[in-house]
Amino acid sequence: MDANYPALGTYYAGRDEPEGTPAHCLYVWIEYLHELMDKLCDRFTAGGWEHDFSIDSLQVLERDLGTRYGAGDGTDEAAMVMESLAGYFGEVLLRAGGGRWVWQERAGAGGLPAVQPDPALGLEPIVPMLLVGQAVYEKTGNIFTTVALRLRKAVVDHAAAYPGWTPERVRTPWVRRHELDAYDDGWRRWPDACLYHYRTWWADRAGGGVERWNFQADSLDALEKLLRQRLGTLAKYDKVAGRDFWTMTAWYIGEYVVRHKGASWQYRTSNPEAPPGTWYGKDSYWTDSAFVGQPFRYDGHTEHPGDMVRDVLAGASLREVVDRFPCALDGPGRADPALPGPGDAAEPWSEALWPLVAPEHLPPPLTPGQLEELDEEARQLKADPDLKPRYEVKPGRVTYTRMAEVLVDLSMITQEKARGVLHDFRDYAHDPLDDSHDIADTLEEFGVAVSIHADDVDYADEHYAWLLDRAAALTGGKVNVTNYRFVFDKDDEDDEDNKDGEDGEHEEYQEEDGRGTLYFDRNGEELSFYIEQESNDYLDMGAAQAAIEALSPDDDPRSFRCVDNGPKKPPGTTDDIMVLATDGQRVGLRRHFGIEFHEPW
């Protein structure tokens with residue numbers, strides 16, 4: 001059973017410990033995992049690969065070691081591939097055998113992260129990085145999967161000896177698929193929109209058009225001159241920094257860095273559960289805003305373009321500011337396309353990793369006999385039916401009738417309610433439900449869930465009121481929604497500081513869209529949620545989820561949580577199902593129907 005990770009507990013406890021201590025090293029690794037998972041999903045894996053921490057997904061990763069993850073060129077990116085594989089492998093092991101990340105001081109050159117399975121299993125910590133290194137050299141394609149299935153077998157055997165036991169783990173914060181920025185296309189629209197504005201109006205407003213503002217070095221001198229002539233002081237820039245023209249000016253500097261320094265636009269979404277002062281806390285300098293960085297090199301630089309503008313106005317030259325970013329690496333700047341084989345001159349283990357774990361720290365090579373034994377063990381483990389996923393839903397087994405039985409057993413509905421639903425759907429009460437989303441969607445018919453529509457709702461500002469009323473009704477009168485209202489955003493067309501456009505501000509009429517603020521009273525207390533949907537035909541799915549979660553009743557173990565639709569149906573592509581249930585009932589829904597839930601918004 002998964003436990004919610006403690007906000008200031010196991011993994012965050014080492015934040016204030018001295019650098020180099022095991023507790024602090026573990027804290028840094030846990031914070032680093034989100035970035036590694038982002039890189040793995042966004043750049044290091046082929047399209048269509050599923051980031052689901054399943055044992056099956058390991059076979060794809062190890063298979064591709066010979067075609068996608070070669071490390072022969074010794075670049076930083078190759079090293080980061082190995083780190084990201086170790087992080088993902090460790091998370092799969094935690095899912096299979098419970099437990100937590102620990103710091104193994106004796107591993108590698110000076111300690112490495114390791115997975116300590118549930119203590120009830122009596123197993124030693126597993127060091128994923130060492131096994132990644134072994135896989136790199138052995139090229140069997142079986143090491144990751146075999147180790148994970150060994151652990152899974154230990155769990156199955158222990159559960160058979162102690163009925164009712166399930167492995168417990170400390171959940172790693174901010175690494176699941178829906179928490180990764182790699183799967184959030186929303187922020188990526190901003191750089192794309194800036195490129196459009198650059199071509200359609202900013203370059204002309206800045207003077208000279210795209211011929212002058214061509215992302216060449218001399219354009220930096222021209223831009224520095226523009227900044228000093230039109231602004232001159234930090235105080236004036238701070239006053240207008242949020243206006244379109246100056247936002248675009250900062251973007252131009254960032255885009256120059258992207259094009260000439262091997263950098264990229266990046267974004268870190270804050271973790272609402274992260275304590276203040278941590279990497280992904282809401283108070284972090286880097287969260288919830290776009291910035292420019294060199295993420296695939298350890299000596300890379302990262303900066304907010306707006307602060308680069310500020311430094312120029314404080315006296316620095318723009319060329320000096322830009323040159324804080326090291327020059328782009330020669331060559332492809334990424335891992336070789338193929339892994340060197342035995343006898344090749346190139347070292348397959350990236351030299352950038354040697355200070356952490358050098359080739360001599362890796363497990364010794366397997367003998368031919370050991371390789372044969374490994375292949376045979378892998379074959380047997382893969383064929384063992386007891387090692388299949390615990391909560392796999394067999395096609396055709398879930399029906400309305402089965403759901404009614406389970407929901408009554410979980411005390412989510414009454415027998416009377418179950419009979420009423422089965423009567424309403426009597427023509428197909430015994431027909432199998434097609435997939436996990438259909439199963440979750442059916443919970444709405446039983447009165448324990450509400451659906452947030454992903455398709456066109458015509459008037460979203462009005463639909464929110466209907467949706468909130470539906471959700472509040474599920475609480476049985478414990479929560480009431482009143483005084484609902486929606487206030488649309490409007491352009492500030494009367495800005496006195498920009499009447500004549502002297503500062504180059506882009507003035508453009510903006511039709512009323514779906515952006516605004518949703519207000520309502522929850523049991524007499526006013527709540528508000530900002531809506532960022534650009535069209536009033538569609539709901540802001542995240543804001544709607546957060547608003548419904550706020551309707552979870554007080555002094556009641558039930559709370560609203562959103563169903564995880566899985567990697568094949570990312571957030572925003574299909575209806576979100578908000579289920580009102582206790583923690584124990586959610587465990588039951590997962591065990592019986594394979595329904596997983598997102599963490600609260």
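Right, let's get into unusual backbone geometry. Its identity is not glycine, yet Ser 411 carries a phi of approximately 60°, on the positive side. Following the sequence through the fold, Ser 411 ends up in the loop between helix H14 (400–409) and helix H15 (415–424). You can call Ser 411 exposed: its relative accessible area is 59%. For Asn 483, which is not glycine, the phi dihedral falls at a positive 55°. Among the secondary structure elements, Asn 483 is positioned in strand S9 (residues 481–488). Note on Asn 483: relative accessible area 45%, which makes it partly exposed.

Looking now at the environment of Leu 366. Along the chain, the position of Leu 366 falls in the loop between helix H12 (318–322) and helix H13 (368–383). C-alpha separation for the pair Leu 366 and Gln 134, spaced 232 residues apart in sequence, amounts to 9.1 Å. Ignoring sequence-local partners within four residues, the contact set of Leu 366 consists of Gln 134, Glu 138, Leu 371 and Leu 374.

Here we come to the pattern of salt bridges. Scanning the model with the defined rule gives 27 salt bridges in all. With a closest N to O distance of 3.3 Å, Arg 522 and Asp 554 form a salt bridge. On the criterion of sequence distance, the pair formed by Arg 522 in strand S10 (residues 516–522) and Asp 554 in the loop between helix H18 (541–549) and strand S12 (559–564) is long-range, its members being 32 residues apart. Judged by relative accessible area, which is 8%, Arg 522 ranks as buried. Its salt-bridge partner being Asp 556, residue Arg 558 comes within 3.0 Å of it at the nearest N-O pair. Residue classification places Arg 558 among the partly exposed positions, given a relative accessible area of 22%. The exposure class of Asp 556 is buried, given its relative accessible area of 15%. In the salt-bridge network here, residues are joined through shared partners; they are Arg 171, Arg 561 and Glu 599.

Inspection of the entire model under this criterion finds 28 aromatic pairs. Ring centres of Phe 89 and Phe 144 lie 4.8 Å apart, and the angle between their planes is 35°; on these two criteria the pair is classed as tilted. One end of the pair, Phe 89, is in helix H3 (residues 76–97); the other, Phe 144, is in helix H5 (residues 143–161), and 55 residues separate them in sequence. Classification of Phe 89 by relative accessible area gives buried; the value is 0%. Relative accessible area serves as the criterion here: at 1%, Phe 144 is assigned to the buried category. With a centroid separation of 5.3 Å and an interplanar angle of 80°, the aromatic rings of Trp 190 and Trp 265 are classed as edge-to-face. In this pair, Trp 190 is assigned in helix H6 (residues 189–206) and Trp 265 in strand S5 (residues 264–267), connecting sequence segments 75 residues apart. Taking the relative accessible area as the measure of exposure, Trp 190 reaches 33% and is therefore partly exposed.

This paragraph deals with H13. Taking 1.5 Å of rise per residue, 16 residues should cover 22 Å, and H13 covers 23 Å from first to last C-alpha, within 8% of that figure. Of all the positions in H13, only Leu 374, Ala 378 and Leu 381 are classed as buried. When H13 is viewed along its axis, its buried side chains cluster within an angular range of 70° and face the same direction. Opposite the buried face of H13, at more than 90 degrees from it, the exposed residues are Pro 368, Glu 372, Glu 373 and Ala 383. Those residues of H13 hidden inside the fold are in contact with H5.

This paragraph deals with empty space enclosed by the protein. According to the stated counting rule, one finds 2 cavities of 30 Å³ or more in the structure shown. The calculated volume of the largest cavity comes to roughly 50 Å³. Along its surface, the largest cavity is lined by Tyr 12, Ile 30, Glu 31, His 34, Pro 173, Trp 174, Asn 271, Ala 274 and Tyr 280. For the lining of the largest cavity, a count of residues per class yields 6 nonpolar, 2 polar and 1 charged.

With that settled, consider a negative patch on the surface. There is a patch of like negative charges on the surface, built from Asp 455, Asp 456, Asp 458 and Asp 537. Inspection of the secondary structure assignment puts Asp 537 in the loop between strand S11 (525–531) and H18.

This part covers helix H4 (residues 128–138). Among the 11 residues of H4, 10 are classified as buried, and the element is accordingly described as predominantly covered. Restricting attention to buried positions, one finds in H4 the residues Pro 128, Met 129, Leu 130, Leu 131, Val 132, Gly 133, Gln 134, Ala 135, Val 136 and Glu 138. In the core, the buried residues of H4 are packed alongside helix H2 (55–63), H3, strand S2 (100–104), strand S3 (112–116), H5 and H13.

Moving on: the nonpolar core. In terms of nonpolar packing, the biggest core is built from 66 residues, with Met 82, Tyr 88, Trp 101 and Trp 349 touching the most fellow members. A per-element tally of this core places H3 first, with 12 residues.

A few words now on the sheet that holds strand S8 (residues 449–452). In space, the 4 strands of this open sheet follow the order S8-S13-S12-S14, with antiparallel pairing throughout. Edge positions in the open sheet fall to S8 and strand S14 (596–597), since each of these has one partner strand only. In this structure, S12 lies alongside S14, joined through 2 bridges in antiparallel fashion. Pairing of Asp 564 across the sheet is with Glu 596, part of S14. Across the sheet, helix H17 (residues 460–473) lies against S8 and S12, angled at about 165° from S8, the strand it touches most.

Cut-offs used in this document
- Residues numbered from 1 in each chain as written.
- Predicted model: local features only at pLDDT ≥ 70, side-chain atom pairs only at ≥ 80, totals over all residues.
- Heavy atoms only, no water.
- Helix = DSSP H or I, 4+ residues; strand = E, 2+ residues; numbered from the N terminus.
- Buried < 20%, exposed > 50% of the residue type's maximum accessible area, 1.4 Å probe, protein only.
- Contact = heavy atoms within 4.5 Å.
- Salt bridge = Lys/Arg side-chain N within 4 Å of Asp/Glu carboxyl O.
- Phe/Tyr/Trp six-rings, centres within 6.5 Å; stacked < 30°, edge-to-face > 60°.
- Expected span 1.5 Å × (residues − 1).
- Arc of directions from axis to C-beta.
- 1 Å grid on protein atoms, 1.4 Å probe; cavity = no way out; pocket = protein on both sides within 12 Å on 5 of 7 lines; lining within 4 Å.
- Points joined across faces, edges and corners; volume = space filled by probe spheres on them.
- Nonpolar A, V, L, I, M, F, W, Y, C, P; charged D, E, K, R; others polar.
- Patch = residues over 30% accessible without salt bridge, like charges linked within 9 Å, V, L, I, M, F, W, Y side chains within 5 Å.
- Areas by Shrake-Rupley, 256 points an atom, 1.4 Å probe, with all protein chains shown as cover.
- Lys, Arg positive; Asp, Glu negative; His and termini not counted.
- Charge placed at Lys NZ, Arg CZ, Asp CG, Glu CD.
- Core = buried A, V, L, I, M, F, W, Y, C linked by side-chain atoms within 4.5 Å.
- Pairing = 2+ DSSP bridges.
- Axes fitted to C-alpha atoms, helices over the stretch in contact; angles between N-to-C directions.

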